[in-house]
Amino acid sequence: MSGASDESRSLRKFLRHKPAMISFVVILAYVAVAAAVILGDLVSVEDCERRYGPKSTPGFGVSQLFEKRLQDLSWYAEQIEQKLALRQKLKRRLQSRGVEPTNEKIEQELRGLRIGNLRPADISAEDFQIRLDSLWNTVAELDEFDDLNNPGSDTTTIERLTSAAEGQMRSLYAEQTPAEARHRNLHLLFGTDVAGRSVFLRSIYSIRVAILVGVVTGFISVAIGSLLGLAAGYFGGWVDGVVTWLYSTFASIPNIVMLMVLAYMFRGGEIDAWLNDLTGDRFGWLIGGTLDETLIPVFVAFSATFWIGPCRVIRGETLKLRESEYVQASQVMGYSRVRILLRHILPNISHLMLINFSLLFIGAIKSEVILSFLGIGVQSGASWGLMIDAARDEVLNDFFWQIGAATALMFGLVLAFNILSDALQDILDPKHV
Amino acid sequence: MWAYVLRRFFYNIPVFMGIVLLVMLALRVRDPVNGLLGKVKTEQEIAAKRMELGLDKPFVQQYGIFLKKLCTLDFDEESWVNRGQTVGEVMQRCVGPSLALTVPSLVLTTLISVAIALMSAWYRGRWLDKALVISAVLGMSVSFLVYIVFGQYYAAAWLPDQIGMSPFAVSGYEPLEKDGIGTYVLKHWPYYCLLPVLISVIVAMGYDTRFYRAVMVEESGRDYITTARAKGASQPKVMFVHMLKNAMIPIITRVVITIPFLITGSFLLEVYFAIPGMGKQLLTAVVEADFPIVQAFTAVFAAIYIASNLLTDVLYAVVDPRVRLS
């Protein structure tokens, strides 16, 4: 039985394993989105931080209470009003200098106003004021009603007035092209959070974080773990002693202490300063800022704890393989130790590396949530962990869009990986319990 | 066996020293003195503080002093942030709340998971088994944080609306010492701790059920089961007498391995429910650069971890005569 036919048999089994194939496609889709965010700038950090509308609007344009509709349209009107308010100040200042005020500066300010891709209408400041006044009149009419949420017999009147106010509000903003309108609907697909940021864009950006954290920590941990495990298992002696000591030590420090202490280490900027001294300021240039702004602390923290698992498993397997007949045969044939390790032992533990990678990937994504909470992890942009944590207060106000979006996207990815790693284990390592 | 225990003990001395070394080194990457003193400080003040905390000594000496303290079980060092409290006192205060959360959840999780795993193995391959396996995987794919957020929402906002009273607290804790054991068990514990315990049981159940089911399935394929069946033993007898007994070894191992983690507490639950346990204290200590507490916590945890690993191996040999300690 040669290695090649074994591999192709595993591949055939995998292709025939329907849940595994579906999961694989799902994961590829996530990776594609992550790649588009990283390479193609699909969603930028600025997009995550920008305001796209009033706070806590629900997604899919779900029908709302009159009160919330009123609040939202008032918010849009207030954005214009704030710019217009500058006029009064400007007027006073100019008049004190004896200059006749013009609206040029105000209109310039208004042209600069952006809510997502929504921009103010191309009209004069006076026209804005007229439209605003009529809007506020409608709103004042609405304020006459005591309880907007339980209108009873007044429903039709309130509906008419609210729609009118919404129409007046819309007239403050420029007519959007169909493409812009489509984009805007997409931005507001899952609603907005407390700061009016787009939940949809934030949850998409978070895919980048999850995939990066999963791939990089999975890769580093498996690489370190396999290297040490192979060396310890094959060479034995003092190498084995050192490696066993190392992983016993790391395993005996509680995971959470390790993460906290590493978080503490990276927070002060001392490591940045030290590395910059060492490399003549090339380090900061290389990573484009300080360590805190990158995901490097996350990678380090996870890799420091995650390499133990694969190391232990691979050391055990290598110990077993070292005694196997084909390895002894290659020894007798006088092959070098490096050749035996790379050509004969490595291929026979590669399935363990694959399984461990997929297990660590899940672990990394789920721990990222905790790490964001600890304050290392993602600081700029967004991550599912930050979103779920931010949703705590929203949930108490019955607003589920942010936590829903983050959980749903995370659930899809983690579930796919859970199914995939189960299938990998069944196919590649059937003896494992 | 005693020779084995002794050898393992000596083998673990360098491991333990390594743990202490790593944590102390990692902590000293940053200078804690600036954070501990206020905004306004002079060079002299900084130097004096450094001397007071013993940070002016060379690292090797600090390491030696701390190791000596550990060897003599001296936990009287003062906390840097909470002046007047020794490390031992802080630990004593925090371990209770942590155990109040972790012990019940470990017991409940194990009992429920083993029961579900048995059920799953009983109906192996049928719809109930499949449904259980699928729901375990689904449950595992949701973040711990989501369980906490929704748990708090239902307990604090939804349930009180439905029944007109609030059975669970969302934050806070009353220690055992305050009103005696009777009030604690009947009133305070259920009010403050039951909800977090339930949440952690639900989170852990997916993992445990899958593991125990795999163990049961593995056991059910063995020869002694076939023999028992051939002899005409009933299904309940095969499952509960023959199989469960043999499946006890991995179950015990898994439980013993989690024992050290009982004292670190469930950090996320403690923070979200404002329960003043070890995990929360540890986070505060790390953020405030309270070195004595972080170091002592880590050392104590590591000692318990190493001891329970040893205990697992010894228990193994006691339970299963085939295992030889060497």
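Before reading further, recall that the structure is shown in the block above.
Residues numbered from 1 in each chain as written. Chains lettered and ligands numbered in written order. Predicted model: local features only at pLDDT ≥ 70, side-chain atom pairs only at ≥ 80, totals over all residues. Heavy atoms only, no water.

Helix and strand content of chain B: 13 helices and zero strands. In sequence order, chain B lays out its α and β elements as α-α-α-α-α-α-α-α-α-α-α-α-α. Among the 326 residues that make up chain B, the fraction classed as buried is 44%. For chain B, restricting intrachain contacts to residue pairs at least 6 apart in sequence, the fraction spanning at least 24 positions comes to 72%. For chain B, the computed accessible surface area is about 16500 Å², with 66% contributed by carbon and sulfur atoms. For chain B, the centre of its 29 positive side-chain charges and the centre of its 24 negative side-chain charges are spaced 11 Å apart. (Helix = DSSP H or I, 4+ residues; strand = E, 2+ residues; numbered from the N terminus. Buried < 20%, exposed > 50% of the residue type's maximum accessible area, 1.4 Å probe, protein only. Contact = heavy atoms within 4.5 Å. Areas by Shrake-Rupley, 256 points an atom, 1.4 Å probe, with all protein chains shown as cover. Lys, Arg positive; Asp, Glu negative; His and termini not counted. Charge placed at Lys NZ, Arg CZ, Asp CG, Glu CD.)

All names here are of chain B. For helix 4 (residues 59-71), which comprises 13 residues, the first-to-last C-alpha distance of 18 Å matches the rise-based estimate of 18 Å (1.5 Å per residue) to within 8%. Contacts made by the buried residues of helix 4 are with helix 1 (2-27) and helix 13 (291-319). Leu 73 occupies a position one or two residues after helix 4 and carries a positive phi of about 55 degrees. (Expected span 1.5 Å × (residues − 1).)

Now for the interface of chain B and chain A. The parts lose accessible area when they come together, and the size of an interface is often stated as this lost area. Of the residues lining the interface, 49 residues belong to chain B; the matching set on chain A comes to 41 residues. Here chain B meets chain A over a buried area of about 4200 Å², counting both sides, of which 75% is carbon and sulfur. Salt-bridge contacts for Asp422(A) lead to Arg210(B); the nearest nitrogen and oxygen are separated by 2.8 Å. For the pair chain B and chain A, the number of links is eight residue pairs in polar contact (both at pLDDT 80 or more). Only helix 1, helix 6 (127-140), helix 7 (144-163), helix 8 (176-220), helix 11 (267-272), helix 12 (278-287) and helix 13 of chain B provide two or more residues apiece to the side of chain B that touches chain A. Ranked by residues supplied to the side of chain B that touches chain A, first place goes to helix 1 of chain B with nine residues. Here the side of chain B that touches chain A is built from residues that sort into 38 nonpolar, seven polar and four charged. (Buried area = accessible area lost by both parts, 1.4 Å probe. Salt bridge = Lys/Arg side-chain N within 4 Å of Asp/Glu carboxyl O. Polar contact = N/O pair within 3.5 Å; in protein donor to acceptor, adjacent residues only side chain to side chain. Nonpolar A, V, L, I, M, F, W, Y, C, P; charged D, E, K, R; others polar.)

This next bit is on the side chain of Arg69(A). Residue and element names in this part refer to chain A. Assignment of secondary structure puts Arg 69 in helix 4 (residues 66-96). Exposure remark for Arg 69: the relative accessible area of 17% places this residue in the buried category. Residues in contact with Arg 69, not counting those within four places in the same chain, are Gln 64, Glu 159, Thr 162, Ser 163 and Glu 166.

On to a positive patch on the surface, then. Residues and elements named next belong to chain A. A contiguous patch of positive charge, built from Lys 89, Arg 92, Arg 93, Arg 97 and Lys 105, is present on the exposed surface. When residues in the positive patch are grouped by element, the largest group, three residues, is from helix 4. Take Arg 93: it is sitting in helix 4. (Patch = residues over 30% accessible without salt bridge, like charges linked within 9 Å, V, L, I, M, F, W, Y side chains within 5 Å.)

Another aspect to go through is the pattern of salt bridges. Residue and element names in this part refer to chain A. If you walk through the whole model with that rule in mind, you get 17 salt bridges over all chains. The salt bridge involving Arg 69 is made with Glu 159; its shortest N-O contact spans 3.5 Å. In this pair, Arg 69 sits in helix 4 while Glu 159 sits in helix 7 (residues 155-170), placing the two residues 90 residues apart along the sequence. Judged by its relative accessible area of 32%, Glu 159 is partly exposed.

This paragraph deals with a nonpolar patch on the surface. A cluster of nonpolar side chains, namely Leu99(B), Val103(B), Val107(B), Leu108(B), Leu111(B) and Ile112(B), defines an oily patch on the protein surface of about 450 Å² accessible area. By the secondary structure assignment, Leu111(B) is in helix 5 (residues 87-122).

Residues and elements named next belong to chain A. Counted as a void, the second largest pocket has a volume near 850 Å³. Of all the secondary structure elements, the ones that give two or more residues to the lining of the second largest pocket are helix 4, helix 7 and helix 8 (178-187). For the lining of the second largest pocket, the element with the most residues is helix 4, which contributes four residues. (1 Å grid on protein atoms, 1.4 Å probe; cavity = no way out; pocket = protein on both sides within 12 Å on 5 of 7 lines; lining within 4 Å. Points joined across faces, edges and corners; volume = space filled by probe spheres on them.)

Moving on: unusual backbone geometry. All names here are of chain B. Backbone geometry at Leu 73 places phi at a positive 55 degrees, although glycine is not the residue there. Residue placement: Leu 73 occurs in the loop between helix 4 and helix 5. Residue classification places Leu 73 among the exposed positions, given a relative accessible area of 64%. The phi dihedral of Ala 289 is positive, around 60 degrees, even though this residue is not glycine. Note that Ala 289 resides in the loop between helix 12 and helix 13.

This brings us to the packing of helix 19 (residues 401-428) of chain A against helix 6 of chain B. The geometry of a pair of packed helices is captured by two quantities: the angle between their axes and the separation between those axes. Interaxial distance between helix 19 of chain A and helix 6 of chain B falls to 9 Å at its minimum, and their mutual angle equals 130 degrees. Accordingly, the angle class assigned to the pair helix 19 of chain A and helix 6 of chain B is oblique. Between helix 19 of chain A and helix 6 of chain B lies a crossing whose hand is right-handed. Packed against helix 19 of chain A, whose contacting residues are Phe411(A), Val414(A), Leu415(A), Asn418(A) and Asp422(A), the element helix 6 of chain B presents Val137(B), Leu138(B) and Met140(B) at the interface. By residue class, the composition of the contact of helix 19 of chain A with helix 6 of chain B is six nonpolar, one polar and one charged. (Axes fitted to C-alpha atoms, helices over the stretch in contact; angles between N-to-C directions. Parallel < 35°, antiparallel > 145°, perpendicular 65-115°, else oblique. Left-handed = near helix turned anticlockwise from the far one by under 90°.)

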